[in-house]
Amino acid sequence: MKYVIGVDLGTSAVKTVLVDPQGKVAFEHSESYPLSRPQPNWSEQNPEDWVKGTLVSLRRLIEVSGIDPSQVDGLSFSGQMHGLVLVDKEGQVLRPAILWNDTRTTAQCRRIEKTLGATLIEVARNRALEGFTLPKILWVQENEPEVLSQAYQFLLPKDYVRLRLTGDYAMDYSDAAGTLLLDVGSKTWSAEIAEAFELPLSLCPRLVESFEQTGTLLPDIAEASGLLSSTKVFAGGADNACGALGAGVLGEGRTMCSIGTSGVVLSYESNKDLNLEGKVHFFNHGEKDAYYIMGVTLAAGHSLTWFKETFAADKSFDELLNGVSSIPAGSGGLLFTPYIVGERTPHPDANIRGSFIGMDSGHTLTHFTRSVLEGITFSLRESIEIVRDSGKEITEIIAIGGGAKNEAWLQMQADIFNASIVKLESEQGPAMGAAMLAAYGSGWFTSLSACAEAFIRPADVYKPDPKQAAIYDGLFNLYQEVYGQTRELNNKLAAYRQ
């Protein structure tokens, strides 16, 4: 029996999965690592923590499974997007990584918009948002120029881990698309954008396809991981691109909804010239010469985690969600907006904050819990409506992530999105997508689509209830009014956030 390994480098932990040729996960293991917030709006990690966690997870995967290391054909990666890792000529990290959920770069975003104007959307195909990589580079340029002067190249999180495992500097197109330095349509680094900010193109690593082999394991890494030095290593992709692969989003009309720390609505796109004027993200797919459009809710699962830890720390998530199906749609007139760390789609606003509206003394913890679920799902529907407005018909959505683990929430998604929600038999999301890249790269299949047919199987389908869908249509219209009516107040309250 041969296997491949998918390595999913997340924000809080790294997860490894051992997958057989039928797409079955034989074993999995995860290792957590710390997140640092040294100042308000900052979010950083030590890149070496990713490497240590990955090596421990790989070794445990091999030990627990009991397989011979020679049975592993290859491994590939899924990685948290946008995070800035600066390394010198020896590959040494120059400062802590600045992560995707770091929002210190508002001034740099405005600088990008002023400098590039319409060129930004025409070339990079995305708006300048605090989470992206170029604003982070400019922040270092302005605040830590001595660090940038030492930089040989910048890497994204999974690319740094792969560098440490193989010694190879590279970045795949799906992750590079989230930097604002890539000409997304032509799949090349943009000299025009780099020169506009006096950045040498040599700062950008070599570009590769997600399924391209980028080396084998270094001898000391092989020993530490329990694998062979001959194990093939493939480039991998951005977590959302890999999530799309793992959900089988490999053709027109295919759409997924992923609810993790953040929430993502993603739809396959084959037209590289599609321009949605920055209303949603437009990125390169893990499949060659394919793309996807994507909307993001910054605090999706994070909103639920925050709510549980703040108001029901003694309960498990299952206990917290138990009973939400007994509360009618609309949570008894209670409305939640999940802007607790700002928002991205359709409101790229780092200052907006969340709210509960309509509270009264009759509301219970279960009302509040359902309201949080509804608010997260309303936010994701905003992205779905933008995709629909682009001309795509969305009648079926594949659910992955934490939002696919609870039946009441799955039915809620069907009713709020007014689309059938498909739950997969084995929902591994980005980790499965990474494994698929390794399987295809290793020659197991003739295409990623063929791999998806073998690996991905639906388990359940949740269809919208017409009456519930009608109720949610009205509530969604109310939800959309909240942002505009509270934005000015939130901006004023920002002065009191310490």
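As shown above, the structure is provided for reference.
Keep in mind that this is a model prediction, so the values were computed, not measured. Within every chain, residues take consecutive numbers counted from 1 along the sequence as written. Where local features are concerned, this predicted model is filtered to residues with pLDDT of at least 70; where side-chain atom pairs are given and counted, the filter is 80 or more; whole-chain, interface and lining totals use all residues. Side-chain numbers here rest on the full set of heavy atoms in the structure, without hydrogens or water.

A. Up close: the sheet that holds strand β17 (residues 263-269). Paired strands, as defined in this entry, are two strands with at least two bridges between them according to DSSP. Think of it this way: any DSSP run of H or I at least four residues long counts as a helix, any run of E at least two long counts as a strand, and we number them from the N terminus. Taken in spatial order, the seven strands of this open sheet run β18-β19-β17-β16-β22-β23-β24, and their pairing is mixed. The open sheet has two edge strands with one neighbour each: β18 (281-284) and β24 (458-462). If you compare each strand with its neighbour and ignore which way they point, the axes differ by 30 degrees on average. Both strand β16 (residues 255-259) and strand β22 (residues 396-401) contribute to a ladder of four bridges, which runs parallel. Note on β22: the bridge partner recorded for Ile259 is Gly401. Two residues form a contact once any of their heavy atoms are found within 4.5 Å. To get an axis, fit a line to the C-alpha atoms, keeping to the stretch in contact for a helix; angles then go from 0 to 180 degrees between the N-to-C directions. Sheet contacts for helix α14 (residues 407-417): β16, β22, β23 (420-424) and β24; angle to β23, the most-contacted strand, approximately 145 degrees.

B. Region of the structure containing the packing of aromatic side chains. Here is the rule: rings of Phe, Tyr and Trp (six-membered ring for Trp) pair when centre to centre is within 6.5 Å. Planes less than 30 degrees apart are stacked, more than 60 are edge-to-face, and the remainder are tilted. A complete count under the given rule lists 19 aromatic pairs for this structure. Where Phe378 meets Tyr472, the ring centres are 5.8 Å apart and the plane angle is 70 degrees; that geometry is what we call edge-to-face. Of this pair, Phe378 sits in helix α13 (residues 365-389) while Tyr472 sits in helix α17 (residues 466-493), and the two are 94 residues apart along the sequence. The burial state of Phe378 is the same as that of Tyr472; both residues are buried. Centroid distance Phe378 to Phe476: 6.2 Å. Interplanar angle 35 degrees. Geometry classified as tilted. Of the two residues, Phe378 is situated in helix α13 and Phe476 in helix α17; the sequence distance between them amounts to 98 residues. Accessible area is worked out with a 1.4 Å probe on protein chains only. A residue is then buried under 20% of its type maximum, exposed over 50%, and partly exposed in between. Judged by its relative accessible area of 1%, Phe378 falls in the buried class. On the basis of relative accessibility, which here comes to 3%, the residue Phe476 falls in the buried class. Against the face of Trp42 rests Arg104, its NZ or CZ located 3.6 Å from the ring centre. We call a charge positioned above a ring when the Lys NZ or Arg CZ atom is no farther than 6 Å from the ring centre and deviates by at most 35 degrees from the ring normal. A cation sits over an aromatic face here: Arg125 above Phe282, 4.5 Å from the ring centre.

Take it as geometry only, folks, not as evidence of what the structure does.
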